[in-house]
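Residues per chain are reported as follows:
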Amino acid sequence: MAITLDELISEGEQIYAHRHVDECGGYVENDIYDPWKRKALMFIQKTYPNNPQIATFESHVAANEDEDHCFACLSILKAFRVVQPNDVSVDYDGLLNTIFEKFHTVARQMRRRHDERETLIINDEYDVQDMLHALLKLHFDDVRPEEWTPSYAGGANRMDFLLKDEEIAIEIKMTRSGLKDKELGEQLIIDIAKYQNHPNCKCLYCFVYDPDDIIRNPRGIEKDLEKLGKDFLVKVYIRPVN
């Protein structure tokens, strides 16, 4: 019979409970810990493919066998209790990456309608939101626009989109004459801080539409802002790439 997640956790808890503790710290018995951690790694790789926590688990598996790594592996396994295996197999990061990378191409194509019929021209952030909403609907069932975030700095705020089932928030900006490198960075720093308190937000994607190439150092801004995520993932896309 195949082993279950709860059985792996129970086995790991027994290993951790019987660890050795001396003046140098604690360590677990390698002859029972090593087979368990590799069995657990194979289980999550097969059951939860594409989950970013697998890489973290792998790093603990490769490390020396001490109680800290054992405890960390147990914590990761316990977190998988709230993850649905069938959902995790979907590469949500890849889907969003494609949407953001192709957004400008779609926006240009929308202007080329047959017989010059009316269409959606991207003039401001609301236009970006409308088009992005339609593109998200292709891949996600529950897309919630203008979801409230918890109070931050004395006031309530709204996020642009929440993908509730995937626990992903999306913040949208469009550059203009008054929104350049400095102003954009300041706004997104505030956004990242407020999203960290949202109970349904485990990942934040910031999509900045810059069709006129106003941002001078887009890759630098992306890297700096992505470092600000403490307890959740932050990804920043300033597109198109010119």
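For the structure, see preceding data.
Residues numbered from 1 in each chain as written. Predicted model: local features only at pLDDT ≥ 70, side-chain atom pairs only at ≥ 80, totals over all residues. Heavy atoms only, no water.

Student: Help me understand the sheet that holds strand β7 (residues 168-174), please; the structure alone is not making it clear to me.
Tutor: The strands that make up a sheet pair up through hydrogen bonds in the backbone, lying either parallel or antiparallel. Taking strand neighbours across the sheet as the criterion, the five strands line up as β3-β6-β7-β8-β9 in an open arrangement whose pairing is mixed. Each edge of the open sheet is held by one strand with a lone partner, namely β3 (143-145) and β9 (233-239). Looking at each pair of strands side by side, their axes are set apart by 20° on average, direction ignored. (Pairing = 2+ DSSP bridges. Helix = DSSP H or I, 4+ residues; strand = E, 2+ residues; numbered from the N terminus. Axes fitted to C-alpha atoms, helices over the stretch in contact; angles between N-to-C directions.)

Student: Would you mind showing me how to read the packing of aromatic side chains here?
Tutor: The geometry of an aromatic ring pair comes down to the distance between the two centres and the angle between the two planes. If you walk through the whole model with that rule in mind, you get 10 aromatic pairs. Aromatic ring contacts, followed pair by pair, group F100, F103, Y205, F207, Y209 and Y237 into a single cluster. One cation-aromatic arrangement involves R19 over Y16; the distance from NZ or CZ to the ring centre is 4.0 Å. Of note, K194 hangs over the ring of Y195, and the distance from its end group to the ring centre comes to 5.6 Å. (Phe/Tyr/Trp six-rings, centres within 6.5 Å; stacked < 30°, edge-to-face > 60°. Lys NZ or Arg CZ within 6 Å of the ring centre and 35° of its normal.)

Student: I tried to follow the nonpolar core on my own but got confused; where do I start?
Tutor: Across soluble globular proteins, nonpolar side chains have a tendency to be buried as a group. Counting 25 residues, the largest nonpolar core has L96, F100, F103, L132, L136 and I170 as the members making the most contacts within it. Where this core is concerned, the elements lending two or more residues are α6 (92-110), α7 (125-137), β6 (161-163), β7 and β8 (203-209). Ranked by residues supplied to this core, first place goes to α6 with six residues. When residues no more than four places from it in sequence are discounted, the contact partners of L136 are L96, I99, V143, F161 and I170. Counting residues in each nonpolar core, the second largest holds 22 residues, with I15, V28, I54 and F57 among its members. (Core = buried A, V, L, I, M, F, W, Y, C linked by side-chain atoms within 4.5 Å. Buried < 20%, exposed > 50% of the residue type's maximum accessible area, 1.4 Å probe, protein only. Contact = heavy atoms within 4.5 Å.)

Student: Quick question: what am I supposed to make of helix α1 (residues 5-17) here?
Tutor: Side chains three or four residues apart in an α-helix point the same way, a direct result of the helix having 3.6 residues per turn. Here α1 spans 18 Å end to end across 13 residues, near enough to the 18 Å set by a 1.5 Å rise per residue. Among the residues of α1, those classed as buried are L5, L8, I9, G12, I15 and Y16. Axial view of α1: buried residues confined to an arc of 120°, hence all on one face. Along its buried surface, α1 packs onto α2 (30-47) and α4 (67-79). (Expected span 1.5 Å × (residues − 1). Arc of directions from axis to C-beta.)

Student: Looking at this model, I keep getting lost on the pairing of β9. Mind explaining?
Tutor: In the case of a regular strand, side chains alternate between the two sheet surfaces. The element β9 is largely enclosed, with a buried count of five among its seven residues. Pairing of β8 with β9 involves seven bridges; the strand directions are parallel. Residue Y205 lies in a different strand from β9, and its bridge partner there is K235.

Student: Sorry if this is basic, but what is going on with the side chain of E171 here?
Tutor: Take E171: it is sitting in strand β7. Taking the relative accessible area as the measure of exposure, E171 reaches 5% and is therefore buried. Excluding its chain neighbours within four sequence positions, the residues that come into contact with E171 are M159, D160, L188, D191, Y195, L204, Y205, C206 and F207.

Student: Explain the packing of α2 against helix α3 (residues 53-62) here, please?
Tutor: Taken N-terminus to C-terminus, the directions of α2 and α3 make an angle of 165°; their axes are 10 Å apart at the nearest point. Considering the angle they form, α2 stands roughly antiparallel to α3. Both α2 and α3 take part in a crossing whose hand is left-handed. On α3, the residues touching Y33, K37, R38, A40, L41, I44 and Q45 of α2 are I54, F57, E58, H60 and V61. In terms of residue class, the contact of α2 with α3 is built from seven nonpolar, two polar and three charged. (Parallel < 35°, antiparallel > 145°, perpendicular 65-115°, else oblique. Left-handed = near helix turned anticlockwise from the far one by under 90°. Nonpolar A, V, L, I, M, F, W, Y, C, P; charged D, E, K, R; others polar.)

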